[in-house]
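# Breakdown of the fold
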Amino acid sequence: MKHVIALDVGGTGMKAALVGADGALLYEARRATGRERGPDAVVESILAFAADLRAHGEKHFGESALAAGVAVPGIVDAEHGIAVYASNLGWRDVPMRRLLGERLGGVPVALGHDVRTGGLAEGRIGAGKGADRFLFIPLGTGIAGAIGIAGAIEEGAHGYAGEIGHIVIRPDGPDCGCGQRGCLETLASASAVSRAWAAASGDPKADAADCAKAVESGDPKAVAVWRDAVDALAAGLVTALTLLDPRTLIIGGGLAEAGETLFTPLRAAVEERVTFQKLPHIVPAALGDTAGCLGAGLLAWDLLSTEVSA
């Protein structure tokens with residue numbers, strides 16, 4: 001059975017799959033990155049995992065994988081197959097495409113940014129299926145974005161397109177790791193809500209999920225924290241709508257797990273702010289934590305299609 005290898009590399013763990021031509025997950029596996037052993041160990045863990053996946057395919061599906069796709073965090077030069085920088089993995093200029101290709105016997109390898117790769121899957125086979133223009137925004141430790149146009153992801157001239165988390169919402173707001181103040185991700189990410197609720201509740205272990213539960217129970221302090229985050233998020237989204245005019249806006253990540261506790265006030269806050277802009281459909285992501293892996297599989301199949309047509 002024809003298949004490709006798909007790998008989604010996170011800060012501490014990796015999700016992997018063998019993906020069929022129809023997008024079906026034929027086999028799934030997870031493994032730690034080995035980050036505590038240093039950046040070289042992480043690279044070796046990825047290569048070994050890929051080799052094991054190849055062996056599994058040969059044994060159970062009668063043939064080797066035709067290609068591989070890998071999604072990684074940080075700054076990615078997809079055109080040249082290089083993981084340029086990832087602070088949580090200690091990487092700088094790792095030639096991931098070449099290394100994986102060599103380990104896998106010369107098969108073609110596609111490299112992508114984790115959020116944009118997840119956005120590819122959500123837009124093509126997930127919550128944005130059928131939408132010609134979409135914007136995927138996961139609200140997690142930080143906030144990033146993926147701009148979808150006609151079933152593909154717009155990378156930008158330098159590979160940075162979609163970084164909505166670094167739109168400045170409140171110039172006098174908290175310092176951001178990018179060097180600015182008041183960026184969207186300092187105000188509306190799951191991490192930002194966790195920090196704000198821990199301070200407001202007096203419980204240093206409280207997180208965004210706890211805040212959402214407290215909102216549902218009517219806690220006024222939680223409602224205030226949540227409203228502040230939703231207002232900031234709506235402001236950032238309206239900026240994105242003004243620039244991109246997407247038909248569907250897909251919200252994922254940990255904060256989206258709050259369901260309508262997030263989406264009901266968020267839709268209202270966005271609607272209050274628009275003037276001439278057209279409201280998109282604002283929907284929760286559908287693929288959960290499999291999006292990156294599925295997207296990596298799509299990258300691999302797209303690469304094969306490109307090579308055939310070239």
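Below is a short write-up of the structure.

About the thresholds
Residues numbered from 1 in each chain as written. Predicted model: local features only at pLDDT ≥ 70, side-chain atom pairs only at ≥ 80, totals over all residues. Heavy atoms only, no water. Helix = DSSP H or I, 4+ residues; strand = E, 2+ residues; numbered from the N terminus. Buried < 20%, exposed > 50% of the residue type's maximum accessible area, 1.4 Å probe, protein only. Contact = heavy atoms within 4.5 Å. Lys, Arg positive; Asp, Glu negative; His and termini not counted. Charge placed at Lys NZ, Arg CZ, Asp CG, Glu CD. Pairing = 2+ DSSP bridges. Axes fitted to C-alpha atoms, helices over the stretch in contact; angles between N-to-C directions. Core = buried A, V, L, I, M, F, W, Y, C linked by side-chain atoms within 4.5 Å. Parallel < 35°, antiparallel > 145°, perpendicular 65-115°, else oblique. Left-handed = near helix turned anticlockwise from the far one by under 90°. Nonpolar A, V, L, I, M, F, W, Y, C, P; charged D, E, K, R; others polar. Arc of directions from axis to C-beta. Polar contact = N/O pair within 3.5 Å; in protein donor to acceptor, adjacent residues only side chain to side chain.

Turning our eyes to something else, we now look at the overall build of the protein. For the protein, the helix and strand inventory stands at nine helices and 13 strands. In terms of overall dimensions, the protein has a C-alpha envelope of 60 × 45 × 35 Å along the principal axes. The 310 residues of the protein split such that 49% are buried. Within the protein, contacts between residues at least 6 apart in sequence are counted, and of these 60% link residues at least 24 apart. Side-chain charges in the protein split into 27 positive and 37 negative, and the spacing between the mean points of these groups amounts to 1 Å.

Next up on the list: the sheet that holds strand 9 (residues 133-138). Read across the sheet, five strands follow the order 11-10-9-12-13 without closing on themselves; strand pairing throughout is mixed. Unpaired on one side and paired on the other, strand 11 (152-154) and strand 13 (281-284) mark the two borders of the sheet. Each strand of the sheet is rotated relative to its neighbour by a mean of 30 degrees, with strand direction disregarded. Two elements, strand 9 and strand 10 (residues 146-149), share four bridges in a ladder whose sense is antiparallel. Bridge assignment links phenylalanine 136 to a residue of strand 10, and that residue is alanine 146. Contacts between helix 3 (residues 114-125) and the sheet are confined to strand 9, strand 10, strand 11 and strand 12 (248-252), with strand 9 contributing the most and set at about 130 degrees to the helix.

This paragraph deals with the nonpolar core. In this structure, Ile137, Trp226, Leu237, Ile251, Leu266 and Val270 are the most contacted members of the largest nonpolar core, which totals 44 residues. Listed by contribution, the elements that provide at least two residues to this core are strand 9, helix 4 (184-188), helix 5 (190-201), helix 6 (208-216), helix 7 (220-244), strand 12 and helix 8 (260-273). For this core, the element with the most residues is helix 7, which contributes 12 residues. Setting aside anything within four residues of it in sequence, one finds leucine 266 in contact with Val230, Leu233, Ala234, Leu237, Ile251 and Ile282. Listed in part, the 31 residues of the second largest apolar core include Leu7, Val43, Phe61 and Leu100.

The next point concerns the packing of helix 7 against helix 8. Interhelical geometry of helix 7 versus helix 8 gives an angle of 50 degrees and a closest axis separation of 9 Å. One element, helix 7, and the other, helix 8, form an angle in the oblique class. As helix 7 runs across helix 8, the sense of the crossing is right-handed. Facing helix 7, whose interface residues are Trp226, Val230, Asp231, Leu233, Ala234, Ala235, Leu237, Val238 and Leu241, helix 8 presents Thr261, Leu262, Pro265, Leu266, Ala269, Val270 and Arg273. Along the lines of polarity and charge, the residues of the contact of helix 7 with helix 8 split into 13 nonpolar, one polar and two charged.

We now examine helix 6. Within helix 6 the residues assigned to the buried category are Ala208, Cys211, Ala212, Ala214 and Val215. Projected down its long axis, helix 6 carries its buried residues within an arc of 165 degrees, all on one side. The outward face of helix 6, more than 90 degrees from its buried face, is lined by the exposed residues Lys213 and Glu216. Those residues of helix 6 that are buried are in contact with helix 5, helix 7 and helix 8. The residue sitting at the N-terminus of helix 6 and contributing the capping side-chain oxygen is aspartate 207; that oxygen lies 3.2 Å from the backbone nitrogen of alanine 209. Once helix 6 finishes, glycine 218 follows within two positions and takes phi at roughly 90 degrees, a positive value.

Let us now look at the environment of glycine 90. Secondary-structure assignment places glycine 90 in the loop between strand 6 (82-86) and strand 7 (91-94). Taking the C-alpha atoms as reference points, glycine 90 and glycine 11, separated by 79 residues in sequence, lie 9.9 Å from one another.

What follows covers unusual backbone geometry. A negative phi angle characterises most non-glycine residues, just as the trans form characterises most peptide bonds. Phi at alanine 150 is positive, roughly 55 degrees, even though this residue is not glycine. Considering the arrangement of structural elements, one finds alanine 150 in the loop between strand 10 and strand 11. For alanine 150, a relative accessible area of 62% gives the class exposed. Despite not being glycine, aspartate 245 shows a phi value in the positive range, around 50 degrees. Structurally, aspartate 245 is set in the loop between helix 7 and strand 12. Given a relative accessible area of 48%, aspartate 245 falls into the partly exposed group.

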